Amino acid sequence: MSIRNDIRERFFPHMWCPGCGHGVILNAMLHAIERLGIRKNEIVMVSGIGCSSRISGYVDFHTLHTIHGRALAFATGVKLSRPELNLIVPMGDGDALAIGGNHFIHAARRNIDMTAIVMNNRIYGMTGGQYSPLSGEGILATTAPYRNIDQSFDVVSLATAAGASFVARSTTYHVQQLTDIIEKAIRHRGFSVVEVMSQCPTYFGRKNKEGGAVEMMKLMKDRTVPKDSKAAEEHPELIQRGIFVDKDVPEYCDQYARVIETARKGR
Amino acid sequence: MSSQPIKFIQGNEVCVEAALYAGLNFFAGYPITPSTEIAEHLSSRLPQAGGKFIQMEDEIASICAIIGASLTGNKVMTATSGPGFSLMQEALGYAIMAEIPSVIVNVQRGGPSTGLPTHVSQGDVNQARWGTHGDHAIICLTASNHPDIFTMTVEAFNMAETYRTPVILLFDEVVGHMREKLVMPEPGEMPIVERLRTSVKEGVDFHPYLPREDGRLPMSDFGGVHRYNVTGLVHDMWGFPSNSPQVAHGLLRHLVDKIQNNVHEIARYKTYETEDADCILVSYGSSARSALHVVENRRKRGEKLGLLELQTLWPFPHNIVRSVCARAEYVVVVEMNMGQVMEQVKLAVGSDQKVFLANRIDGVFINPTDIRNILRLIQGKGV
Ligand SMILES: Cc1ncc(C[n+]2csc(CCOP(=O)(O)OP(=O)(O)O)c2C)c(N)n1
Ligand code: SF4
């Protein structure tokens, strides 16, 4: 096993709480990268701020830990200036879709080649348990003591509508599927979005009486079904997992190369 | 005689020409009056030179994108005006903390808020200095005419690369939009500073945040052979977050000292007839043009007037202002705000009594008559 080679061992043990889903996502991501056989020097990981975003400190790639919500904007600068690099952008749900919501839809619209991983624990972990745009109605949070009244985004529909050319969802319970999906997302040429339902036992679990990490992961198993399955048809209230969009759309950096060609001809 | 073409162009275009001369190859921006022409011109010029232009979804995204592109080894710039500059402040602090060479142009307009979009102001002097949070140093340059816009833009890139820091070019609406002659310098005529890159070989431990003895930090192109971490958190010499008081102290001192210790290298200014002057006007940007007109005009009539034109606003050249103004009876700061530079001039001169303000804050360009009227009041002559 060589994924050990891809981590910065001196920073372990990590800062995540026991049972936090973010470690599972790190694990799946490293296995996906191992399968793809990409060289470490060809990977740039850009993250924002939050428990999720600390993921970049633990991997031995080029890592850019930026400001809250703006990871995709930084990543756009890196990618457009060096299109040969592989950009992986892990973000918390607040990071990606509250403060970073605008950058998220515009990166999708541009179809710039990078992999956005939305680590969705439905809560703000790092600041201590406030509701996020993915918390959903009825959830308890430190800023929703009378239960949350905000509707949540559906990341898959949002990313699809904004033009992402690869959109998928999995959970920290379904590690094999998650690894497969991340592998395909990185391989995909264009903007790929992977929503990973993850658990924050410390704030979401405790507050909403969902139990510890094991119970929360079991809930993810019970509340999700494979996309287009019979179970999905019979239980439309359940959340679907799988790849929802996988299409060929002209990629931004490729298109820009054409702009340069045109500009040079005109001279 | 230069063999380069003589151009009759707008100030914003001069900034574009100078940025390209300095080696700009990546620009990200979002349109806002009165800076928009910079983005427009670069959208056609950059791809012709093989560089990249991108119009982002807002100013926050724009400055973030140029920081990313700078790290990979490019010379980068964004351009905006007041409201956009406000939006950029958090990421500006990031660029200071992570030591990313970058140039941010703010063609000032009236404020606060959306203020006077098409009118002149010099109200962002303090925002340039203190807009972002935390203690830090900043370099901020300005200019009043086309040759100087060219020079200061090239200098901004040179200083950004020398000190590994964002540099702010603080122009104003009049400077950005006025048209006058520019003689393009020959290639090679002006020195261009290239980024100091590390000589550490692949596979050898590279410390991206370990300054050399002279305070400079060699960089490695992000995405190249050295893998390291870049963060806005307090970080050690490898770029990894640290809570150690020593590391925090050392980093902040380094960030401030690398600029404050070099004020004499960074200070750019011009003096006109200051030697024997008993009244010195201190000004910058477009208002310095009116001030110069007053000096030239009144000298002919025997009044001992001089002008100190500042081109480096931050770090503020207190020593230079002090020595130039030492023997003057009056110092009159000419600016289009409520006295943002005047406060610094008072500090430099060390006396509140002899420093006066000649300003306009109504979006109308301060003209020589305005300055002359204020001078008469100060001199007790009445208007
Ligand atoms: C501009 C700005 N606003 C607010 C914060 C405070 N903050 C840090 S992380 C965070 C939210 C974290 O939640 P999420 O992105 O969902 O990630 P998680 O910690 O749950 O993994 C917030 C609000 C900040 N760092 N910067
Ligand atoms: S607070 Fe929640 S999201 Fe943050 S590390 Fe702990 S469990 Fe994970």
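Since this is a predicted model, take the numbers as computed values, not measurements. (Residues numbered from 1 in each chain as written. Chains lettered and ligands numbered in written order. Predicted model: local features only at pLDDT ≥ 70, side-chain atom pairs only at ≥ 80, totals over all residues. Heavy atoms only, no water.)

Thoughts on unusual backbone geometry
Where we set the bar: The secondary structure listing takes helices from DSSP runs of H or I that are at least 4 residues long and strands from runs of E that are at least 2 residues long, numbered from the N terminus.
Here the residue pair B:Thr33 and B:Pro34 is connected by a cis peptide bond, since its omega of 0° sits within 30 degrees of zero. For B:Pro34, the location among the structural elements is in the loop between strand E2 (26-29) and helix H2 (36-48). Here B:Trp314 and B:Pro315 are connected by a cis peptide whose omega angle stands at -10°. Its place among the elements puts B:Pro315 in the loop between strand E13 (312-314) and helix H12 (318-325). Positive phi, close to 55°, is recorded for A:Asn111, a residue that is not glycine. Looking at the secondary structure, you find A:Asn111 in the loop between helix H4 (101-110) and strand E4 (114-120).

Thoughts on the site of ligand 1
Here is the rule: Here, proximity means that at least one heavy atom of the residue falls within 4 Å of the molecule or strand. In protein, a polar contact requires one atom able to donate a hydrogen and another able to accept it; more generally it is a pair of N or O atoms within 3.5 Å, and residues adjacent in sequence count only if both atoms are side-chain atoms. Throughout, the Shrake-Rupley method with a 1.4 Å probe supplies accessible areas, and for residues the shown protein chains are the sole cover considered. Here the term charged refers only to Asp, Glu, Lys and Arg, the term nonpolar to Ala, Val, Leu, Ile, Met, Phe, Trp, Tyr, Cys and Pro, and the term polar to all other amino acids, Gly among them.
Taken together, 18 residues form the shell around ligand 1, and within it A:Cys51, A:Ser52, A:Asp93, A:Asp95 and A:Gly125 come nearest. Nearby residues around ligand 1 are contributed by chains A and B. Between ligand 1 and the protein, one listed contact pairs an oxygen atom with a side-chain N or O atom of A:Asp93 at 2.7 Å. Burial of ligand 1 by the protein chains amounts to 76% of its free accessible area of 590 Å². Sorting the residues of the shell around ligand 1 by element identifies helix H3 (93-99) and strand E5 (123-124) of chain A as the ones contributing at least two each. The element contributing the most residues to the shell around ligand 1 is H3(A), with four residues. Partitioned by chemical class, the residues of the shell around ligand 1 number six nonpolar, nine polar and three charged.

Topic: the sheet that holds strand E15 (residues 355-359) of chain B
Within a sheet, neighbouring strands are paired by backbone hydrogen bonds and run either parallel or antiparallel to one another. Residue and element names in this part refer to chain B. The line we're drawing: A pair of strands is treated as paired once DSSP finds two or more bridges between them. Axis lines are fitted through C-alpha atoms, for helices just across the contact stretch, and the angle between N-to-C directions can take any value from 0 to 180 degrees. By the convention used here, residues are in contact when the closest approach between their heavy atoms is within 4.5 Å.
Spatial ordering of the open sheet is given by E10-E12-E11-E14-E15, a layout of five strands whose pairing is mixed. Two strands close off the open sheet at either side, each with one partner strand: strand E10 (269-272) and E15. In this sheet, neighbouring strand axes are inclined to one another by 20° on average, regardless of whether the strands run parallel or antiparallel. Both strand E14 (residues 330-335) and E15 contribute to a ladder of five bridges, which runs parallel. Its bridge partner being in E15, Val-334 is matched across the sheet by Ala-358. Running over the sheet, helix H13 (residues 340-349) touches strand E11 (279-283), strand E12 (305-310), E14 and E15 and is turned about 155° from E14.

What about the environment of A:Thr171?
Residue and element names in this part refer to chain A. Our working definition: Note on exposure labels: buried denotes an accessible area under 20% of the residue type's maximum, exposed denotes more than 50%, and partly exposed covers the range between, all computed with a 1.4 Å probe on protein chains only.
Tracing the sequence through the fold places Thr-171 in strand E7 (residues 166-171). Overall, Thr-171 belongs to the buried group, its relative accessible area being 0%. A C-alpha to C-alpha distance of 10.0 Å links Thr-171 and Val-194, two positions 23 residues apart in sequence. When sequence neighbours within four positions are dropped, the list of residues in contact with Thr-171 reads Leu-178, Val-196, Met-197, Met-220, Thr-224 and Arg-241. Within polar-contact distance, the side chain of Thr-171 engages the side chain of His-174 at 2.8 Å.

A closer look at the site of ligand 2
Around ligand 2 sit A:Trp16, A:Cys17, A:Cys20, A:His22, A:Cys51, A:Asn121, A:Gly125, A:Cys200, A:Pro201, A:Thr202 and A:Tyr203, and that is every residue in its neighbourhood. A class-by-class count of the residues in the shell around ligand 2 yields seven nonpolar, four polar and no charged.

Concerning the nonpolar core
Soluble globular proteins: nonpolar side chains tend toward being buried together. Stated formally: Take the buried residues of types Ala, Val, Leu, Ile, Met, Phe, Trp, Tyr and Cys, join any two whose side-chain atoms come within 4.5 Å, and each joined set is a nonpolar core.
Among the nonpolar cores identified, the biggest contains 161 residues, and B:Met77 and B:Leu281 are the most heavily contacted of them. Apart from the residues lying within four places of it in its own chain, the contact partners of B:Met77 are B:Cys15, B:Ala19, B:Leu24, B:Phe26, B:Phe27, B:Ala28, B:Ile38, B:Leu42, B:Ile66, B:Val103, B:Val105 and B:Phe157.

Focus: the pattern of salt bridges
Keep this limit in mind: The salt bridge definition used is simple: a Lys or Arg side-chain nitrogen within 4 Å of an Asp or Glu carboxyl oxygen.
Under the criterion given, the structure shown has 37 salt bridges over all chains. The salt bridge partner of A:Lys230 is A:Glu234, with a shortest N-O separation of 3.0 Å. Highlighted residues: A:Lys230 and A:Glu234, both in helix H9 (residues 230-234), separated by four residues, approximately one helical turn. What makes A:Lys230 exposed here is its relative accessible area of 63%. The residue B:Asp148 makes a salt bridge to B:Lys270 at a minimum N-O spacing of 2.7 Å. Of this pair, B:Asp148 sits in helix H7 (residues 146-163) while B:Lys270 sits in strand E10; the two residues are 122 residues apart in sequence, bridging distant segments of the chain.

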